[in-house]
Each structure stands twice: as structure tokens, then as C-alpha cells.
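Each chain, written out:
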Amino acid sequence: MQKLFLKGLRLSILISVVIIISNSANAQMECRSMLGAHLTPFKKDIPILWAIEGTMAPGIMTSPYANIDNAKLNGGMLLGALDFTFLNKHNFYIEGGYKNWKNSELVDDNSKSRNLGLRQIFYSITHNTIKVKIGLHETKLGNFYLIDERILGASVDKEIGAFTLNLRGGTVMKNFARMGQFCSNRHLYGILNSDYTENIGKKPGETNLAGIVVNWNPNFKKEDKNSKIDKEFSNTDEFNEFGSSDDFSDVQESSSKQKFKISNIAFILHNEFGSIIHDNKIYTGSLIDIELPYNFSFQTGGIYQNMKDNNTIVFIAALSKNLGWNNGSNTTIKGAFIGKANIDTDAKFQPLFSNLFLGEIMRLDAIDFPLWQSEVKHNFTGKLKFHIALKAVGQIEDSKTNEQDLELGIKTFNNHLKLTAIFSRVETLAFPDDLYMAKMEMRVAF
């Protein structure tokens, strides 16, 4: 049975890689949560929203050839959030909770942890074409793969005609880092290194970031107020990202053949510095997003890392396809290749706050480039909102780690309960034997 499952999993992954040889790196490992989607008013006339979420994630790992069976792992988390908005543009948000985890018994320094604390607390203001967020908050910097972190600082987004500016600045500390103490998946495996945040400072000012991204939309046309409002309403469908529900209509087919345009060109300047960052790091680069015929999307570009004895260039090619079916279901197919061209011998691409962590178990990150990644995911119709996903990520050099993941999930009880089963297999030169994992995530939110 196990061999049949592995053959089927390998075949499915192979098919996805053949269709698209590379997954958008945006589909990275996330600290999965439903909290924000369940913010509810205390009372109708009181502008304070609240939500609570609880998570359990028991699982087992095994390496049969090493005679290691049923190595247990477990994680749990209880989160709460309050959201207060006033005068339509000012907002206060606070989120915190309790987290406990026990990592895999395959780890030499097998350990447990219990943590109580804040995840986010910030003030934000949105006014016309500018949005500012100040405090402890999660943020990214454009679509570049350099920042996906929880910072104590400021985020500013400003629209200026065809241009959008993204500015980020702040400090990151180990006790609140996004992949630190308060991620439900962060510490469960710890196969190669049980502490993924060892390079992040413990005090303010030890590890900091400052960056700007300039986005240019070459198709920008100045809109009057009424047309802009109409456009906003036309994009409110939560499934809009998957395109039309009838992907095979004659009208869409003919129009999609003619569709080819550059939707965005982005430029970045980013700096990582601090008292424990001994070698100052500066990143520059550009990404181009292109819409292709037949509803394909393509992204390509490069990032240059300027660092003492570690100068290198990373280049990206990502392709995705969204399919909407007549019955209302949808399929997404994604792939990406992230390559690396060293300027200095044996240079390592090492943005400290990227947090890609590709793969459910191995958590491959920027330091592991070059990498390839692929994913096929199908969302079924029906009350259970069942989805199935096949994912794979592979390392081209070093340990040549290759991981395949099968994910099955449902949402029920009016989206308050989410169950996700994950099955993984890992091949790597770092271990003499393959690893297998099975885990069930149970998440409840109100």
C-alpha cells in the first residue's frame, strides 16, 4: 500500500512538473491562520471586532530503513484578536495568544516550549492614496522574496499615478519573529536545525531592515471617481483570482488568445543592518509581471546581493495558470525556478527576513538556492469546500533535498472548522534514509 501511494504521489508530482517546470515562490510556507477572516463585531453599534482561534496539529514521522517508527510531534495554539476602527480611516489592532509545541523525536535536542505573548499590536491610517502602519506587524516588501516578517517599525504604501511606492523600516527580534515562537508549524520538525531564528537579534537594533520598492503599471490610465468605484465593486468576488467560472467559453477563448501585456515592473533597494549583522547587506533588483494568453501569468527578474565576499545574483522564473470549471470548481497550477549565479566563489544568498521555508518538513530557504518548486491544487464545490493539493520542491545543489507533499483539506460549520491532512516524503543526501510524515491540523475560529 505504501509503495502504491508513493508511486501515485511521484506520478502526480511528475505530471505537474512536466506541465510547468517551475511554483511561484509566493506560495511559500505560511503560518497558517483563519483569525482575520472571523473578526466579528461585539455589538451592532460598537466598532470593535473580535475573534478567537484554536489549533491542534498532532502527527508522526518515520524512517523505516533506520528502524525509527512513530516519532511523535505536536503543536497547539490559542489566539485572540481585537480590531477597532474609527472615523473610517484610523485602526488599532492587537493579536496575541498561547503557543505550545513539541518537536520531532528524530531531533537530537528534542524539546518542548510554551509561550504566552503578543503577535501583533499596531496603529494604521488609510487616507486617499496612502496607507501607514506603525507598531508590531506582519509585512512584505512588494513581490520580492526578501521580506516576509513581523517587524517593530513602519510600513508605508503610497500611490502616485501609475506608480506605487512601498517603504518598510524597523527592527526584528527573536521573540516575535514571524517564524519564531508564534507560528503553529515553525518548530514541529527541526530535522536539520531546531532553531531557525538563530541569526535574529534578541534586542532592538541588533537586526534591522529598511527598503523601498517602486512599482510601475505601464497600462495605467487616469480614472474618474465613478469608474474607479465601479471597478472596485467588480473585483469584490473572493474567487476573482481564479478567473471566469467558465474557462472554456468561446468569448473568453478568443479574447485570451490576444491577451499579452506587462502588468507591473518593480524595482527594489533594500538594506539589512544591525549591531550583530557584521557584514552589511544591500539588495537591488527588478521583477516584471506579464499576463500571457490563455490566462497564464509569468514573472521574471533578478536580485543582486552586495555583501563582503558574498556577492551573488538570484534570478527568478515563475509561471502560473488558473482554470475555472463549469461546475464552479477551480484548479491552480504553478511552478518556479530560482537560480543563482555567484560573483564570489561559494557565495550564499542570505536575506535574513525572507522566510520562504519551502516544503512542509525541510523548510528550504534562500540560503538553499538554486531551487525548483511546483504545485497543483484543486478546489471542489460543495458545502465542505474540499481541496486537494500536490506540492514538490527540490534543491539542485548541496544536499539535493527533494520533498513531495500531499494536502487534503475541508472547511465546514460555516467555515469555522478547518481540517487539513498533510502527508510528506523527503529524499536528501543529508540522511541515509528517506523520511515520511503524516499530520492532521485541526483549526477552529469564531
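Residues numbered from 1 in each chain as written. Predicted model: local features only at pLDDT ≥ 70, side-chain atom pairs only at ≥ 80, totals over all residues. Heavy atoms only, no water.

Asker: Which residues make up the overall build of the protein, and what values do they have?
Answerer: Of the regular secondary structure elements, the protein holds three helices and 20 strands. Taking all 446 residues of the protein together, 45% fall into the buried category. Within the structure as shown, the protein displays about 22,400 Å² of accessible surface, and the carbon and sulfur contribution to it stands at 59%. (Helix = DSSP H or I, 4+ residues; strand = E, 2+ residues; numbered from the N terminus. Buried < 20%, exposed > 50% of the residue type's maximum accessible area, 1.4 Å probe, protein only. Areas by Shrake-Rupley, 256 points an atom, 1.4 Å probe, with all protein chains shown as cover.)

Asker: Describe the nonpolar core, and please don't skip the residues or the numbers.
Answerer: V172, F349 and F369 are the most contacted members of the largest nonpolar core, which totals 43 residues. Excluding its chain neighbours within four sequence positions, the residues that come into contact with F349 are L146, Y283, I303, Q305, T312, V314, K340, A366, I367 and F369. Residues L35, A81, Y93 and F122 belong to the second largest nonpolar core, which totals seven residues. (Core = buried A, V, L, I, M, F, W, Y, C linked by side-chain atoms within 4.5 Å. Contact = heavy atoms within 4.5 Å.)

Asker: Now, about the side chain of E441: what can you tell me, with residues and values included?
Answerer: Residue position: E441 is located in strand β20 (residues 435-445). A polar atom in the side chain of E441 sits 3.1 Å from the side chain of K439. Among the polar contacts made by the side chain of E441, one reaches the side chain of R443 at a distance of 3.4 Å. (Polar contact = N/O pair within 3.5 Å; in protein donor to acceptor, adjacent residues only side chain to side chain.)

Asker: Any chance you could break down the packing of aromatic side chains for me, citing the residues and the numbers?
Answerer: What the rule picks out here adds up to 10 aromatic pairs. A ring pair is formed by F86 and F92, whose centres lie 6.1 Å apart and whose planes are at 15°; its orientation type is stacked. Judged by relative accessible area, F92 falls into the partly exposed class, the value being 42%. Three or more aromatic residues link up through ring pairs in this structure, and these residues are F84, F86, F92 and Y123. Directly above the aromatic system of F122 lies the positively charged group of K133, at a separation of 4.6 Å from the ring centroid. Positioned above the aromatic ring of F296 is the side chain of K321, whose terminal nitrogen or guanidinium carbon lies 4.9 Å from the ring centre. (Phe/Tyr/Trp six-rings, centres within 6.5 Å; stacked < 30°, edge-to-face > 60°. Lys NZ or Arg CZ within 6 Å of the ring centre and 35° of its normal.)

Asker: Give a detailed account of the side chain of N91, specifying residues and quantitative values.
Answerer: Mapped onto the secondary structure, N91 falls in strand β5 (residues 90-102). Owing to a relative accessible area of 12%, N91 belongs among the buried residues under this scheme. Side-chain polar atoms of N91 contact the side chain of T85, separated by 2.9 Å.

Asker: Explain the pairing of strand β3 (residues 59-63) to me, using residue names and the numbers behind them.
Answerer: Within β3, four of the five residues are buried, which leaves it mostly tucked inside the rest of the structure. In terms of strand pairing, β3 meets β20 through four bridges, oriented antiparallel. Bridged to G59 within β20 is K439. (Pairing = 2+ DSSP bridges.)

Asker: Summarise the pairing of β20; cite the residues concerned and give the values.
Answerer: Along any regular strand, the residues point their side chains to alternate faces of the sheet. Both strand β2 (residues 46-56) and β20 contribute to a ladder of four bridges, which runs antiparallel. Note on β20: the bridge partner recorded for M56 is M442. As defined by bridge partners, strand β19 (residues 417-427) adjoins β20 across 10 bridges and the pair is classed as antiparallel. Bridge pairing links I422 to K439 in β20.

Asker: Got a sec to walk through the environment of S297? Specific residues and values, please.
Answerer: Position of S297 relative to the elements: it lies in strand β13 (residues 296-306). S297 gets classed as partly exposed once you look at its relative accessible area, which sits at 33%. A C-alpha to C-alpha distance of 10.0 Å links S297 and K261, two positions 36 residues apart in sequence. Apart from residues no more than four positions distant in its own chain, S297 is found in contact with I290, A318, L319 and S320.

Asker: I'd like a description of the pattern of salt bridges, backed by residues and values.
Answerer: Following the criterion strictly, the structure yields 14 salt bridges and no others. For E272, the salt bridge identified is with K281, shortest N-O distance 2.9 Å. Both residues of the pair, E272 and K281, count as buried. Taken together, the salt bridges that share partners define one network made up of E53, E360, K439, E441 and R443. (Salt bridge = Lys/Arg side-chain N within 4 Å of Asp/Glu carboxyl O.)

Asker: Let's hear about a nonpolar patch on the surface: which residues, and what values?
Answerer: Together, F42, I46, L82, I94, L118 and I121 line one region of the surface with nonpolar side chains, adding up to about 490 Å² of accessible area. As for its placement among the helices and strands, I46 is situated in strand β2. (Patch = residues over 30% accessible without salt bridge, like charges linked within 9 Å, V, L, I, M, F, W, Y side chains within 5 Å.)

Asker: Could you give an account of unusual backbone geometry, naming the residues involved and the relevant values?
Answerer: Between F369 and the following residue, P370, the backbone shows a cis peptide bond with an omega angle of 5°. With respect to the helices, strands and loops of the structure, P370 is situated in the loop between β15 (330-342) and β16 (371-379). Even without glycine at this site, F357 takes up a positive phi of about 45°. Following the sequence through the fold, F357 ends up in the loop between β15 and β16. F357 sits in the buried class, given a relative accessible area of 5%. Here N415, not a glycine, exhibits a phi torsion of approximately 70°, which is positive. Using a relative accessible area of 25% as the deciding quantity, one classes N415 as partly exposed.

Asker: Residue-level account of the confidence of the model for the protein, with values.
Answerer: Model confidence for the protein is summarised by a mean pLDDT of 80, while 76% of its residues fall at 70 or above. Considering only residues more than four positions removed or in separate chains, one finds that residues 1-30, a stretch of pLDDT under 50, has 71 contacts. (pLDDT = per-residue confidence, 0-100.)

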